[in-house]
Amino acid sequence: MTDCIYYITIKAIMSAYTIVVPDNNVLCRICGTNDSNLKLIENFLGIPIFACGNELSVEDGDIDAVRRFRFVIDSILDEIAQGCGELSDSDLIQSVLAGAIAPCADKGRLKAADHAFFEQNSICVPGATRRVYPRTRGQAQLVAMMRKNNVVIAEGPAGSGKTFLCICEALRLVLTHKMSGIVLTRPVVEAGESLGFLPGDLKEKLDPYMRPLYDAMHAVLPRETIAKMQENSIIETAPLAYMRGRTLNDSVIILDEAQNTTREQMKMFLTRMGEGSKVFVTGDLTQIDLPRRIPSGLADAINLLGSIDGIAIQHLDAEDVVRNPLVKQIIKAYESERNEAF
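Residues numbered from 1 in each chain as written. Predicted model: local features only at pLDDT ≥ 70, side-chain atom pairs only at ≥ 80, totals over all residues. Heavy atoms only, no water.

**Topic: the sheet that holds strand β8 (residues 251–255)**
Right, so step 1: In space, the six strands of this open sheet follow the order β7-β6-β8-β9-β5-β10, with parallel pairing throughout. If you trace the sheet from one side to the other, it starts and ends with β7 (235–239) and β10 (311–315), each paired once. This sheet shows a mean twist of 15 degrees between the axes of neighbouring strands, independent of strand direction.
Right, so step 2: In this sheet, β7 lies alongside strand β6 (residues 181–186) in parallel orientation, the contact comprising five bridges. Along β7, the bridge assignment pairs I182 with I235.
Right, so step 3: Against the sheet, helix α10 (residues 263–270) engages β5 (151–155), β6, β8 and β9 (278–283), with an angle of about 155 degrees to β9.
Right, so step 4: Contacts from helix α11 (residues 297–305) reach β5, β9 and β10 within the one sheet, and its direction differs from that of β5 by about 125 degrees. (Pairing = 2+ DSSP bridges. Helix = DSSP H or I, 4+ residues; strand = E, 2+ residues; numbered from the N terminus. Axes fitted to C-alpha atoms, helices over the stretch in contact; angles between N-to-C directions. Contact = heavy atoms within 4.5 Å.)

**Overview of the environment of V281**
Right, so step 1: Within the element layout of this structure, V281 appears in strand β9.
Right, so step 2: On the basis of relative accessible area, V281 is assigned to the buried category, the value being 1%.
Right, so step 3: Among residues more than four places away in sequence, those in contact with V281 are V152, I153, A154, L255, A258, M266, F269, L270 and L298. (Buried < 20%, exposed > 50% of the residue type's maximum accessible area, 1.4 Å probe, protein only.)

**Notes on α11**
Right, so step 1: Taken together, the buried positions of α11 are G297, L298, A301, I302 and L305. One side of α11 carries all its buried residues, which in axial view fall inside an arc of 140 degrees.
Right, so step 2: Looking at the buried positions of α11, the neighbouring elements they touch are β5, α10, β9 and β10.
Right, so step 3: N-capping of α11 is provided by S296, with a side-chain oxygen placed 3.1 Å from the backbone N of L298. (Arc of directions from axis to C-beta. Polar contact = N/O pair within 3.5 Å; in protein donor to acceptor, adjacent residues only side chain to side chain.)

**Things to note about the environment of M243**
Right, so step 1: Checked against the element boundaries, M243 lands in the loop between β7 and β8.
Right, so step 2: Owing to a relative accessible area of 0%, M243 belongs among the buried residues under this scheme.
Right, so step 3: For M243 and Q265, which are 22 residues apart along the polypeptide, the C-alpha to C-alpha distance reads 9.5 Å.
Right, so step 4: For M243, the contacting residues outside a window of four places in its chain are V183, T185, A238, L248, I253, M268, F269 and R272.

**Looking at the pattern of salt bridges**
Right, so step 1: According to the stated counting rule, one finds six salt bridges in the structure shown.
Right, so step 2: Here E257 makes a salt bridge to R186, at a shortest N to O gap of 2.9 Å. Of this pair, E257 sits in the loop between β8 and α10 while R186 sits in strand β6; the two residues are 71 residues apart in sequence, bridging distant segments of the chain.
Right, so step 3: By relative accessible area, E257 is classed as partly exposed at 23%.
Right, so step 4: Take R186: its relative accessible area is 6%, and that puts it in the buried class. (Salt bridge = Lys/Arg side-chain N within 4 Å of Asp/Glu carboxyl O.)

**Description of the packing of α10 against α11**
Right, so step 1: Axis separation between α10 and α11 bottoms out at 8 Å; the angle between their running directions is 60 degrees. As judged from the angle between their axes, α10 and α11 are oblique. Judged by the sense of rotation from one axis to the other, the crossing of α10 with α11 is right-handed. Between α10, through R263, M266 and L270, and α11, the contact on the second element is made entirely by G297, L298, D300, A301, L304 and L305.
Right, so step 2: Among the residues making up the contact of α10 with α11, the classes are represented as six nonpolar, one polar and two charged. (Parallel < 35°, antiparallel > 145°, perpendicular 65-115°, else oblique. Left-handed = near helix turned anticlockwise from the far one by under 90°. Nonpolar A, V, L, I, M, F, W, Y, C, P; charged D, E, K, R; others polar.)

**Remarks on the nonpolar core**
The tendency in soluble globular proteins is for nonpolar side chains to be buried side by side.
Right, so step 1: Of all hydrophobic cores here, the largest spans 39 residues; its most connected members are M146, I167, L171, L184, I235, I254 and F280.
Right, so step 2: If one sorts the elements of this core by residue count, helix α7 (residues 162–175) sits on top with nine residues. (Core = buried A, V, L, I, M, F, W, Y, C linked by side-chain atoms within 4.5 Å.)

In structure tokens, the structure reads:
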């Protein structure tokens, strides 16, 4: 993932709705050779797009057309900003367009209601370099659940956006002063080592495990902002074992990699929730690293808690993976093998 985030200015000029891209190299990548990529986008949206200088414009008479235009271009800019691996620009754009189609039951173009739902559940983090849009209906439903419920469990495969969206929503809540802090925790089981045997102080011991959470934060806010929030204890990281005995008030508490908790650890974690707090739990039941004889606390919580008011469970799947299209195919292959086994 690249640290380079492109600033996007959106404005209305006369009868056109315009997105200004300050980086001309990015605009060239969007347009493609002889505007080949731009034609792909035009065919998908069904409207002409005008490129002039470092601006992309559409006529703003059709509100739904403007909404589709902004959603697609924002999604492409987001992908470019985060890095696209080995994908060509054309493949990247086709991947984004495929992801934009996926939420429709008939696999057709997004309907006006879909765009409204996606925009309603986008995440605007104060001070962020970009607005975060859900890419699939499952991701949009996850954001909606986080805003409505105090406990949300998001289960799904790698790349489905569950951790990233939880981090972004937590930052939004804190930076709009709806919550006072963020507490991040993960079970430390990946290498079968205890923290006591790892070198360094507690922060240095935890850094390798917390890196995906830090990366998600750095994708939307400058590193200096995150560092300052950590210095002021607005963002706190702690191993799961250190949560026992605490009561966390007025905070967003995020448990990542929850599939590697035991039943006892999950119960202990969920009961740390104090007054005015929200709890977001993420995990992937296909990647459990616990010994076979120990059941996953995530699976247990999903079975036990789904019917309780104020607790929501969102299952994401391969269709919610919107990065490299090959990742989606890999996940589908493993899901198919798992289903055949049962």
